[in-house]
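Tertiary structure, described
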Amino acid sequence: MIMRIMGEGQFQVGDEHLNRLNQLDDELLTALDSGDESAFQSALGQLLAAVREVGSAVPDDSLEPSDLILPDEGATIDQVRELLRTEGDGLIPGLPE
């Protein structure tokens, strides 16, 4: 799966990492629902750091489409709420059953 971090680039992430990323996404949603800006920024930073850690950077000159787009670390609660309004079930999709 190719994940784009807005303003940063794309990362190829293997399916074996999606469960961990979904857990971090759930923590982000909890912080988002609470309205706690500090917890939100921490959860977003952890999610993006995990994508960078487990993903392989896609070369900038590659024209691969992104499977999903993540906000940058400077995103606000309101910006992510708007993104989720169009995305639905969190930022990271669950694995098919």
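Predicted, not measured: the structure shown is a model, and the values here were computed from it.

1. Some remarks on the nonpolar core
- Membership of the largest hydrophobic core comes to 24 residues, with the highest contact counts inside it found for Met-3, Val-13, Leu-21, Phe-40, Val-51 and Leu-70.
- If you tally residues by element for this core, the top one is helix H2 (residues 37-54), at eight residues.

2. Section: the environment of Thr-76
- Looking at the secondary structure, you find Thr-76 in the loop between strand E4 (68-70) and helix H3 (77-87).
- The partly exposed category is assigned to Thr-76, whose relative accessible area is 34%.
- Sequence-wise, Thr-76 and Glu-37 are 39 residues apart; in three dimensions their C-alpha atoms are separated by 8.0 Å.
- Discounting chain neighbours no more than four positions away, the residues touching Thr-76 are Phe-40 and Gln-41.

3. Focus: the sheet that holds strand E3 (residues 56-57)
- Read from one edge to the other, the open sheet built from four strands follows the order E3-E2-E1-E4, with strand pairing classed as mixed. This sheet does not close on itself; its edge strands, each paired only once, are E3 and E4.
- Relative to E4, strand E1 (residues 2-5) is paired through three bridges, and the arrangement is parallel. Each residue of the ladder has a partner; that of Arg-4, found in E4, is Ile-69.
- Together, E1, strand E2 (9-12), E3 and E4 form the strand contacts of H2, whose direction differs from that of E1 by roughly 130°.

4. Let's talk about the pairing of E1
- Here E1 runs beside E2; their pairing, made up of four bridges, is antiparallel. Counted as the bridge partner of Ile-5 is Gly-9 from E2.
- Counting the residues that bridge the hairpin from E1 to E2 gives three residues, and of these Gly-7 lies at a positive phi of roughly 75°.

5. Observations regarding H2
- The end-to-end C-alpha distance of H2 is 26 Å, a good match for the 26 Å that 18 residues give at a rise of 1.5 Å each.
- Of all the residues in H2, the buried ones are Phe-40, Ala-43, Leu-44, Gly-45, Leu-47, Leu-48, Ala-50, Val-51 and Val-54.
- Put simply, Asp-36 is the residue that caps the front of H2, since its side-chain oxygen is 3.0 Å from the backbone nitrogen of Ser-38.

Criteria and cut-off values
Residues numbered from 1 in each chain as written. Predicted model: local features only at pLDDT ≥ 70, side-chain atom pairs only at ≥ 80, totals over all residues. Heavy atoms only, no water. Core = buried A, V, L, I, M, F, W, Y, C linked by side-chain atoms within 4.5 Å. Buried < 20%, exposed > 50% of the residue type's maximum accessible area, 1.4 Å probe, protein only. Helix = DSSP H or I, 4+ residues; strand = E, 2+ residues; numbered from the N terminus. Contact = heavy atoms within 4.5 Å. Pairing = 2+ DSSP bridges. Axes fitted to C-alpha atoms, helices over the stretch in contact; angles between N-to-C directions. Expected span 1.5 Å × (residues − 1). Polar contact = N/O pair within 3.5 Å; in protein donor to acceptor, adjacent residues only side chain to side chain.

These results come straight from atomic positions and should not be treated as a statement about function.
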